[in-house]
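# Residue-level structure breakdown
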Amino acid sequence: MTLRNIAIIAHVDHGKTTLIDVLLKQSGAFRDNQRVQDRAMDSNDLERERGITILAKCTSLTWNGTRINIVDTPGHADFGGEVERILNMVDGAIVLVDAAEGPMPQTKFVVSKALKVGLRPIVAVNKIDKADERHAQVVDEVFDLFAALGADDAQLDFPILYGSAKEGWMALSPDGPKDGMAPLFDLVVSHVTTPPVTPGAFSMLATTLEADPFLGRVLTGRITSGSVTPNTTIKALARDGREVERGRITKLLSFDGLDRVGIDEASAGDIVAIAGLSEATVSDTLCDLTVTGALEAQPVDPPTLAMTFRINDGPLAGQEGSKVQSRVIRERLLREAEGNVALTVSETGDKDAFDVAGRGELQLAILIETMRREGFELTVSRPQVVMKADENSGQTLEPIEEVIIDVSDEYSGAVVKKLTERKGELLQMKPSSGGRQTLTFLAPTRGLIGYLGELLTDTRGTAVMNRVFHDYAPYKGPIQGRRTGVLISNAQGNAVAFALWNLEDRGPLMIEPGTRVYQGMIVGGHSRGNDLEVNVLKGKKLTNIRAAGRDDAVTLTPPLTMTLEKALAFIEDDELVEITPQSIRLRKRYLDPHERKRAERRSAS
């Protein structure tokens, strides 16, 4: 049976996972009466809720005697650590582009990696059924993008398909025929090359890693040379050729539709998963005992954002979650870092705190949300940018991101003003369709922390922001943070409506009557620049004299609801977000007011 290995590259929400659903259905991977969820590849709860692909997954189908392995890549730059490694596993790529939106920044991020590896892309213009589709301009934009990214002549001579994954068709012409995905399957078979096979004993580069509760570490990759069977003893070599470990293959798995099935033998060119090794990780070479050299592996981009994960040491600790000890948090973080190479976990001077560095706010927020759902209680600090020193001059360098914002003409002034305040530099301003403009900035990652919420407020929710790592540049100086203080509870108990009603003039509240509070917990924003300690437990004083008009019903303004991302963007360096399975609370790092004052004096001196 002939083989083809392809990746599907697309921006968030351009229909990549929907396309794979249709390909699986039309190739006969499911029984006629089998119930299949929509977006079958997004298997993780958080992926379904947010509508994004976080983990790269592999699937396989058969078309007219050819076995096609398809890898679904994450479209979000925060999960780009996955993308780079997957592209080394495939021989072709389908670049899926929305017929109305055209190529977007995250498409650019993944396509630049794919062209660098030497893949010859197939361009599929999806969502051609949209009322505002503009397929001719979109194809020109894709060509310009490929040229700007340094594609060679063979890569620029790409075949184009048009269609709608939702309606289940692809064709060589925008007008159809609208009868299934056969043109796409045929093009994959004819355009994508068969996997290259190197002569020699078994060797394979591990490109993704996961921990299975039954099989242990499962490493997935494409076999470069030779063949392999279960129960064979193999060794793992690091990128520098050093031997990591030896072990026996306990299970050899191949992909069939959405399932992994055990097989008796796999040969060069196929994508398989191997279980049985305990230390080998991503970018290691798994090979026969006779092999001496490691396969070339791509280093992963460095993390740009770090946060401190601490135990929950507040008065309400352990009341909502079951996993609160630092030992359990440490084990969970190390397990996550094992399977996610874009994440690094390091110990701090405090035995109850750990520094976690990743690619962006979204990646870290998803890790926190996953842990929260597993029953963990923890506190996290404000995200900090990972700086590095210039090797030659010793100058401090900080990560810079390319930010592309699509916004209505009337709000573009506010966007430029805000990003300039955050040390952003406007590179390009060009009109896009329907009275909108596309603004391109280079801005430090520091300045973008928490900016998305502000952008949506400034543009009445109409702007679309995309960002991608650009480069390191010299430190651009301090950036103005939050300008107002906060309201801090001065006692522990349940908040009372009467007290909250009296505090409404002081600033927006973040809690409702009956919410459990404690000393040092943040209960609202202050309208002035300083922090203010308030008593939210103070009830109305009752006397035995009835006075007319004194018993008016208390009506409160609805409080600000703090989502995890909003909370991380809101806090300052002396504040923490307390996360439990049921609550997200904001608090001061030091709960005691005297300790807070001492810490302020220390930092001032």
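As a reminder, the structure under discussion sits directly above these lines.
Residues numbered from 1 in each chain as written. Predicted model: local features only at pLDDT ≥ 70, side-chain atom pairs only at ≥ 80, totals over all residues. Heavy atoms only, no water.

## Remarks on a positive patch on the surface
Residues Lys597, Arg598, Arg601 and Arg602 make up a contiguous surface patch of positive charge. Looking at where Arg601 falls in the secondary structure, it is placed in helix α15 (residues 593–604). (Patch = residues over 30% accessible without salt bridge, like charges linked within 9 Å, V, L, I, M, F, W, Y side chains within 5 Å. Areas by Shrake-Rupley, 256 points an atom, 1.4 Å probe, with all protein chains shown as cover. Salt bridge = Lys/Arg side-chain N within 4 Å of Asp/Glu carboxyl O. Lys, Arg positive; Asp, Glu negative; His and termini not counted. Charge placed at Lys NZ, Arg CZ, Asp CG, Glu CD. Helix = DSSP H or I, 4+ residues; strand = E, 2+ residues; numbered from the N terminus.)

## Some details on the sheet that holds strand β16 (residues 271–275)
Paired through their backbone hydrogen bonds, the strands of a sheet run either parallel or antiparallel. If you walk across this open sheet you meet the eight strands as β12-β11-β17-β8-β9-β16-β13-β14, and the pairing is antiparallel. Every other strand in the sheet has two partners, leaving β12 (243–248) and β14 (259–262) as the edge strands with one partner each. Adjacent strand axes in the sheet meet at a mean angle of 35°, parallel and antiparallel pairs treated alike. Pairing of strand β11 (residues 233–237) with β12 involves five bridges; the strand directions are antiparallel. Its bridge partner being in β12, Ala236 is matched across the sheet by Glu245. (Pairing = 2+ DSSP bridges. Axes fitted to C-alpha atoms, helices over the stretch in contact; angles between N-to-C directions.)

## Things to note about helix α9 (residues 361–373)
With 13 residues, α9 extends 18 Å from end C-alpha to end C-alpha; this agrees with the ideal 18 Å at 1.5 Å per step. All of the buried residues in α9 are Leu362, Gln363, Leu364, Ala365, Ile366, Leu367, Ile368, Glu369, Met371 and Arg372. Two residues or fewer after α9 comes Gly375, characterised by a positive phi angle close to 100°. (Expected span 1.5 Å × (residues − 1). Buried < 20%, exposed > 50% of the residue type's maximum accessible area, 1.4 Å probe, protein only.)

## Observations concerning the environment of Ile6
With respect to the helices and strands, the residue Ile6 is situated in strand β1 (residues 2–10). Sequence-distant contacts of Ile6, that is, excluding residues within four places in its chain, are made with Ile68, Asn69, Ile70, Val71, Val90, Gly92, Ile94, Val188 and Val192. (Contact = heavy atoms within 4.5 Å.)

## A look at α15
Its twelve residues place the ends of α15 17 Å apart at the C-alpha level, agreeing with the 16 Å of an ideal helix rising 1.5 Å per residue. For α15, the complete set of buried residues consists of Pro593, Arg596 and Ala599. All buried residues of α15 project into a common sector of 115° when viewed along the axis, lining one side. Within α15, the exposed residues directed more than 90 degrees away from the buried face are His594, Arg601 and Arg602. Those residues of α15 that are buried are in contact with β28 (486–489), β32 (532–534) and β34 (584–588). (Arc of directions from axis to C-beta.)

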